[in-house]
Amino acid sequence: MGIRTCSICRKSSDTEEDELLYGEWMINQDITVHYFCLLLSTQLHQRGGDAAGILGFLLRDIRREIAAAKQRKCIYCQEIGASINCNKCGKCFHLVCGIEHHVVSEFCHAFRSFCEDCRPIDDYQKKLIRHPPQPVPICNICYKPILAFALHRVVYGDCCRKGFVHRTCMRRYALSSGYYLRCIWCRDEKFRDLIRLQSIFVPDRDATWERERHAYRELHTRHLTCQMKDCICTKGRDYNKNTWKILACKLCASTAAHLKCLPPHQKQAECFKCDTCEDVEKKLITNKQNEQRHRCANVGTKNTKIDSSFYMTKTGPSQNEILMPDDDKSPVVSDNDDTVSSVWSQVTVIPSQRPSADTCLIPKLQGHVMRPPLALKESFGCLDEPYFYLVIYEFDDQTDECTGTCTLRFKNDDDRIKDQSTKALEKLQLRDEDIWFRDSEPETISLLCTQ
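Residues numbered from 1 in each chain as written. Predicted model: local features only at pLDDT ≥ 70, side-chain atom pairs only at ≥ 80, totals over all residues. Heavy atoms only, no water.

Here we take up the overall build of the chain. Along the backbone of the chain there are 12 helices and 17 strands. For the chain, with 451 residues in total, the buried portion stands at 43%. Partitioning the contacts of the chain with sequence separation of at least 6, the portion at a separation of at least 24 is 57%. As displayed, the chain has an accessible area near 25,100 Å², and 50% of this comes from carbon and sulfur atoms. (Helix = DSSP H or I, 4+ residues; strand = E, 2+ residues; numbered from the N terminus. Buried < 20%, exposed > 50% of the residue type's maximum accessible area, 1.4 Å probe, protein only. Contact = heavy atoms within 4.5 Å. Areas by Shrake-Rupley, 256 points an atom, 1.4 Å probe, with all protein chains shown as cover.)

You can see D61 is positioned in helix α3 (residues 59-69). A distance of 3.0 Å separates polar atoms of two side chains, one belonging to D61 and the other to R64. Those residues in contact with D61 that lie beyond four places of it in its chain are L44, H45 and R47. (Polar contact = N/O pair within 3.5 Å; in protein donor to acceptor, adjacent residues only side chain to side chain.)

Next up on the list: the pattern of salt bridges. Evaluated as defined, the whole model comprises 19 salt bridges. In this structure, R172 engages E17 in a salt bridge whose closest nitrogen and oxygen atoms are separated by 3.5 Å. Highlighted residues: R172 in helix α6 (residues 167-177) and E17 in helix α1 (residues 16-22), separated in sequence by 155 residues. Take E17: its relative accessible area is 32%, and that puts it in the partly exposed class. Each of R192, D193, R196 and D204 takes part in salt bridges that share partners, so that together they form one network. (Salt bridge = Lys/Arg side-chain N within 4 Å of Asp/Glu carboxyl O.)

For the rest of this paragraph, the subject is the pairing of strand β4 (residues 31-34). The alternating pattern of β4 places I31 and V33 on one face and T32 and H34 on the opposite face, and all of these are buried. The pairing of strand β3 (residues 25-28) with β4 spans 4 bridges and is classified as antiparallel. Its bridge partner being in β4, N28 is matched across the sheet by I31. Linking β3 back to β4 in an antiparallel pair, the connection comprises 2 residues, with Q29 at a positive phi of about 55 degrees. (Pairing = 2+ DSSP bridges.)

As a further point, take the nonpolar core. Y35, L38 and I62 are the most contacted members of the largest nonpolar core, which has 39 residues in total. Counting only elements with at least two residues in this core, the list comes to α1, β3, β4, α2 (35-40), α3, β6 (92-93) and α4 (95-100). Filtering out sequence-adjacent residues up to four positions away, L38 remains in contact with I8, V33, L44, I54, F57, I62 and K314. (Core = buried A, V, L, I, M, F, W, Y, C linked by side-chain atoms within 4.5 Å.)

Here we come to unusual backbone geometry. With an omega of -5 degrees, the peptide bond between Q134 and P135 qualifies as cis. Among the structural elements, P135 can be located in the loop between α5 (123-130) and β9 (154-156). In the Ramachandran plot, Q29 falls in the positive-phi region, its phi being about 55 degrees despite a non-glycine side chain. Positionally, Q29 belongs in the loop between β3 and β4. Judged by relative accessible area, Q29 falls into the partly exposed class, the value being 23%. Of note in the backbone geometry, H109 takes a positive phi value of approximately 55 degrees without being a glycine. Turning to its location among the elements, H109 is positioned in the loop between β7 (104-105) and β8 (113-114). The exposure class of H109 is exposed, given its relative accessible area of 58%.

Low pLDDT means the predicted atomic positions in that stretch should not be read closely. On average, residues of the chain score 81 in pLDDT, and 80% of them are at 70 or above. Every residue in residues 296-301 is under pLDDT 50, and counting partners more than four places away or in other chains gives 11 contacts. Taken as a whole, residues 442-451 scores under 50 in pLDDT and shows 14 contacts with residues more than four places along the chain or in a different chain. (pLDDT = per-residue confidence, 0-100.)

This part is about α5. It helps to recall that an α-helix has 3.6 residues per turn; residues three or four apart then point in one direction. By the burial criterion, the buried members of α5 are Y124, Q125 and L128. An end-on view of α5 places all buried positions within 95 degrees of arc, on one side of the element. The outward face of α5, more than 90 degrees from its buried face, is lined by the exposed residues D123, K127 and R130. Turning to α5, the residues buried within the fold contact β9 and β10 (164-166). Capping of α5 at its N-terminal end is provided by D122; its side-chain oxygen lies 3.2 Å from the backbone amide nitrogen of Y124. (Arc of directions from axis to C-beta.)

Looking now at the packing of aromatic side chains. Under the defined criterion, the tally for this structure stands at 15 aromatic pairs. Pairing Y156 with F164 gives two aromatic rings, centres 6.3 Å apart and planes at 65 degrees, and the pair type is edge-to-face. In this structure, Y156 and F164 share a single accessibility class: buried. Just above the ring of W244 sits the side chain of K260; from NZ or CZ to the centre is 4.7 Å. The ring of Y387 carries the charged tip of R409 above its face, separated from the ring centre by 3.8 Å. (Phe/Tyr/Trp six-rings, centres within 6.5 Å; stacked < 30°, edge-to-face > 60°. Lys NZ or Arg CZ within 6 Å of the ring centre and 35° of its normal.)

What follows is the structure, given as structure tokens:
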């Protein structure tokens, strides 16, 4: 692996040990970052799902954080690119510098970090600092002595407190174990969550030994029997020798048949697929072709390296609570961002006047008036989402002034949106559950009020 430079912290790394400390390299378009830089950056919020941007971090948010980090200096090295703040004192530092200066990071919930002076210390940790364990403890993973005992070098089971291991050993063990990780002393499942508070990243995925190729080969070894309706073998359905070779279904392996009993097209190819699998395969091919016909040109699919098994949920402000800059007023309605194009999008006509009261079919909807014909702004959909979004303008019932926009969400199989023409959408009959979120757009409101 060549030397790479993180777009956020501006630090380079190229060894396997670096990946344990800073996380896997994540690459999408022109962005190359340490995964832990994404998780631990204080001002970077995760606003998407696991398929959006880089594991939930939208590319526009990452670029915004890269630009902001260039204005911040690390308290330790005095270089730009610092993106992590101490949750207590507010010191700003790089991920790399923080590790070198014994910062404690919590790999869960809001992914907070604490500098060495502010890190939370309980009574047990105070006791370890005052009186290190004697004799010198042995690491229960590598079985080597833990020399120069210090809290930033070790991990212990806070569930039982029966031993210690090197922090590097535990990082490697946790990364391999995933959600199979248990306390190595008492086998308690809480251990997995507790060590995340000791700067240990535990991925929510299968263990590496579960994901190895042919890990369950022996489970697929079984006796084969010809299951064709008309088996022509005179020696019985179980005979599997010489020219009476039995083939298992290439896709499911749950059914089998003699090669000579197969239909001509499968016999010639020496490839058996049962009727059920053939039907499923045809449907998948048809669905894929339909998806490609409706898919817009994908952006950012080249030069992409993202291991989705590392996906973690970072808690923080909700999508609507995050303050967006004035030049980015597009509502966040899905997990996708500028790396994924909309499936379809159409801009509809904006009426210059509010519909008259005598056309009212719905009196009120959650305190706001929405009367057919609706004042449409736009409609769109997003890849990998089974929803259709419709943005409409809302008006005050007393003053007839535009109060903002309301984004409505409908399932694609909703009978009300079978016809997506402008006239049909203007006459939609709405329900409370159709409301996805509301937004206020001052410039648009001012424009409409002057018409």
